[in-house]
Amino acid sequence: MGWKLEPRREESRAMMLAAPVIAVVATLIAGAIVFTLLGENGPGAVYQIFVAPLLSLNRWQDLLVKAAPLAIIAVGLSVGFRANIWNIGAEGQYILGGLAGTGVALQTLDLEGGWILPLMILAGVLGGMAWAAVPAFLKTRLNVNEILSSLMLNYVAIQLLYYLMRGPWKDPEGFNFPQTAMFSADQTLPMAVPGTLIHIGVPIAAALGLTAWFLMVRSITGFQIRVIGLAPDAARYGGFRQASTMWLAMLVGGGMAGLAGVLEAAGPFGQMVPQFPTGYGYTAIIVAFLGRLNPLGILLAALVLALTYVGGESAQTVIGLPAAATGVFQAMMLFFLLATDMLVRYRLTRTTPAPARTAPAAAAGEPSAGSGRPGEPPPPAGDRIQRERTEAAAL
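Residues numbered from 1 in each chain as written. Predicted model: local features only at pLDDT ≥ 70, side-chain atom pairs only at ≥ 80, totals over all residues. Heavy atoms only, no water.

1. Focus on a nonpolar patch on the surface
What counts, and what does not: Patch criteria: residues need more than 30% relative accessible area and no salt bridge. Like-charged residues are merged within 9 Å; nonpolar side chains of Val, Leu, Ile, Met, Phe, Trp and Tyr are merged within 5 Å. Using the Shrake-Rupley algorithm and a 1.4 Å probe, accessible areas are obtained, with residue cover drawn only from the displayed protein chains. A carboxyl oxygen of Asp or Glu within 4 Å of a side-chain nitrogen of Lys or Arg is what we treat as a salt bridge. Note on exposure labels: buried denotes an accessible area under 20% of the residue type's maximum, exposed denotes more than 50%, and partly exposed covers the range between, all computed with a 1.4 Å probe on protein chains only.
There is a patch of nonpolar side chains on the surface, built from Tyr47, Val51, Leu54, Leu55, Leu57 and Trp60 and spanning about 600 Å² of accessible area. Given the relative accessible area of 40%, Tyr47 is considered partly exposed.

The structure is reproduced here in structure tokens:
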């Protein structure tokens, strides 16, 4: 008795929807066990990270603020992932968007007007798109793998950030700290809900998710992206160009990541600092797949991953959990999601051992092969041949 994976005739829609839920539940159980074995309060860690923030109205503000950049980046990445274009450079594009918006802010510190913040946002989007254009160009012109080129550019962006913070953009009145000057009131995001921490980036993220869902489901461009991802040969036969889709996917993903970067710089940070790379670009990959590459699902998945950030901070102060616990839970969630995704195309079936085959015994009185009379053993081969020749001669 055993189990085996058997291919399904078609993908299971039920398992496609259930896999993220199974992955989250498995993460909670495995996380409690792992941290208990490490000598920590495992159940307490799960409670503080995934439950406690949901029970506090004040923590809901933090959840929405943390979920906004994750959702924006993940929605942009999902466009490329649908077309099997793997943009792993969202972290660098997020940093470049923040740097581009900061550059505009530093040039307009002494100015006033409602036009400054929109100009910063536009610069952030263009900065992210410009950084994403590099792997797109390398892929379409030189066939360089976009996974490697976009990933390597993340480290270039981080080093560029460090250089600017310690050199040209360093605040001369910042007591020698590697950071820029604080943004002015016209350069920071207004609050969407007065008296709270919820800035306008939160409704922007929700609006972008809804818009992306409509375009992917109802537009010809969305249909083209889906066809290229599901059936590349059919897409080529239909006249869809892979190169143009590559440029579209990379620029959309880069622009969205850059938008998230400038919104973070002008929102929670209020300036540019070396701690700006928060790992959102990498976490957004988990968000995209946890949301099944559906913009509406991504909005929900962003809240789940935002829990790991907000709850992780609470767990550090309440039960002394290490800061690395956030990354551990995120990694386990991705692991279980990839594992359960196998059940979308395969099903577990029970195997039963085949019965042993035995030669049937000769029935009493039944003639044996080659025997002249019932029950007698077959004659030797030489006698049988001689008898056959004698019978043939008699005929």
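Additional details are given in the paragraphs that follow.
2. Digging into the pattern of salt bridges
The condition that has to hold: Put simply, DSSP H or I for four residues or longer makes a helix, DSSP E for two residues or longer makes a strand, and each gets a number counted from the N terminus.
Taken as a whole and judged by the stated rule, the model has 6 salt bridges. As a salt-bridge pair, Arg59 and Asp62 come within 3.0 Å of each other at their nearest N and O atoms. Linking Arg59 with Asp62, this pair stays in helix α3 (residues 57–82), spanning 3 residues, or about one helical turn. Residue class for Asp62 comes out partly exposed when judged on its relative accessible area of 22%. Across the pair Glu313 and Lys66 runs a salt bridge whose closest N-O atoms are separated by 3.8 Å. Taken as a pair, Glu313 in helix α12 (residues 295–318) and Lys66 in helix α3 lie far apart in primary sequence, 247 residues in all.

3. Some points on the nonpolar core
So the rule is basically this: For the purposes of this section, nonpolar cores are sets of buried Ala, Val, Leu, Ile, Met, Phe, Trp, Tyr and Cys residues that join through side-chain atoms within 4.5 Å. For this analysis, residues touch if any pair of their heavy atoms sits within 4.5 Å.
Core analysis: the biggest nonpolar cluster contains 78 residues, and Leu70, Ile73, Tyr94, Met120 and Val287 have the highest contact counts within it. It is α3 that provides the largest number of residues to this core, a total of 11 residues. Setting aside residues no more than four positions away along its own chain, Leu70 makes contact with Tyr280, Thr283, Ala284, Val287, Ala302, Leu305, Ala306 and Tyr309.

4. Regarding α3
Applicable threshold: Multiply 1.5 Å by the residue count of a helix minus one, and that product is the helix's expected span. Bend angle per residue: angle between axes fitted to the 7 residues ending at that residue and the 7 residues starting there.
Under the 1.5 Å per step criterion, the end-to-end length of α3 is 36 Å for 26 residues, consistent within 8% with the ideal 38 Å. Largest kink in α3: about 25 degrees, centred on Ala67, with the proline Pro69 one to four residues after it. One or two residues past the end of α3 sits Asn84, with phi positive at roughly 60 degrees.

5. Regarding helix α13 (residues 325–345)
The terminal C-alpha atoms of α13, which comprises 21 residues, lie 32 Å apart, in line with the 30 Å expected from a rise of 1.5 Å per residue. Buried residues of α13: Ala325, Thr326, Phe329, Gln330, Met332, Met333, Phe336, Leu337, Thr340, Asp341 and Val344, and no others. Along its buried surface, α13 packs onto α1 (13–37), α2 (42–50), α11 (280–290), α12 and β2 (346–351).

6. Side note on the packing of aromatic side chains
What counts here: Whether two aromatic rings pair depends on their centres lying within 6.5 Å, for rings of Phe, Tyr and Trp, where Trp uses its six-membered ring; planes under 30 degrees apart make the pair stacked, over 60 edge-to-face, and the rest tilted.
For the structure shown, the criterion picks out 11 aromatic pairs. Ring plane angle 15 degrees and centroid distance 6.1 Å describe the contact between Trp86 and Phe289, whose orientation is recorded as stacked. Of this pair, Trp86 sits in the loop between α3 and α4 (90–107) while Phe289 sits in helix α11; the two residues are 203 residues apart in sequence, bridging distant segments of the chain. Ring geometry for Phe335 and Phe336: centres 5.3 Å apart, planes at 70 degrees, overall edge-to-face. An aromatic cluster is built from Tyr94, Phe269, Phe276, Tyr280 and Tyr309, whose rings are joined through pairwise contacts.

7. A closer look at the layout of surface pockets
Rules: Here the term cavity refers to a set of points on a 1 Å grid, laid over the protein atoms alone, in which a 1.4 Å probe fits but cannot get out; the term pocket refers to an open set having protein on both sides within 12 Å along at least five of seven lines, with lining residues being those that place an atom within 4 Å of a point. Grid points are joined across faces, edges and corners, and a volume is the space filled by probe spheres set on the points. All residues other than Ala, Val, Leu, Ile, Met, Phe, Trp, Tyr, Cys, Pro, Asp, Glu, Lys and Arg, Gly among them, are scored as polar; the first ten of these are nonpolar and the last four charged.
The calculated volume of the largest pocket comes to roughly 990 Å³. Residue lining of the largest pocket: 25 residues in total, with Glu11, Met16, Arg82, Arg292 and Leu293 positioned closest to the centre. Per element, the largest residue contribution to the lining of the largest pocket is 5 residues, and it comes from α13. Considering only residue class, the lining of the largest pocket consists of 14 nonpolar, 4 polar and 7 charged.

8. Looking at the packing of helix α7 (residues 201–218) against helix α10 (residues 242–269)
Formally: Helix axes are fitted to C-alpha atoms over the stretch in contact, other axes to C-alpha atoms as well, and angles between N-to-C directions run from 0 to 180 degrees. By the definition adopted for this analysis, an angle is roughly parallel if under 35 degrees, roughly antiparallel if over 145, roughly perpendicular if from 65 to 115, and oblique otherwise. By convention the crossing between two helices is left-handed if the near helix lies anticlockwise of the far one by an angle smaller than a right angle, and right-handed if it lies clockwise.
Two elements in contact, α7 and α10, have axes separated by 11 Å at closest approach and are oriented at 165 degrees. Considered as vectors, α7 and α10 are oriented roughly antiparallel to each other. Crossing of α7 against α10: the hand is left-handed. Residues Gly201, Ile204 and Leu208 of α7 touch α10, and the partners they reach there are Met256, Leu259 and Leu263. Partitioning the contact of α7 with α10 into residue classes produces 5 nonpolar, 1 polar and no charged.

9. Some points on empty space enclosed by the protein
Enumeration according to the criterion identifies 1 cavity of 30 Å³ or more in this entry. The computed volume of the largest cavity comes to approximately 40 Å³. Lining the largest cavity are Ala68, Pro69, Ile72, His199, Gly201, Ala260, Leu263 and Glu264. For the lining of the largest cavity, the secondary-structure elements that each account for two or more residues are α3 and α10. Residue composition of the lining of the largest cavity, grouped by class: 5 nonpolar, 2 polar and 1 charged.

10. Some remarks on the packing of α4 against helix α6 (residues 146–166)
At a minimum axis distance of 7 Å, the contact between α4 and α6 shows a crossing angle of 30 degrees. One finds that α4 runs roughly parallel with respect to α6. Handedness of the crossing formed by α4 with α6: left-handed. Here α4 contributes Ala90, Glu91, Gly92, Ile95, Leu96 and Leu99 to the contact with α6, which in turn contributes Asn154, Ala157, Ile158, Leu160, Leu161 and Leu164.

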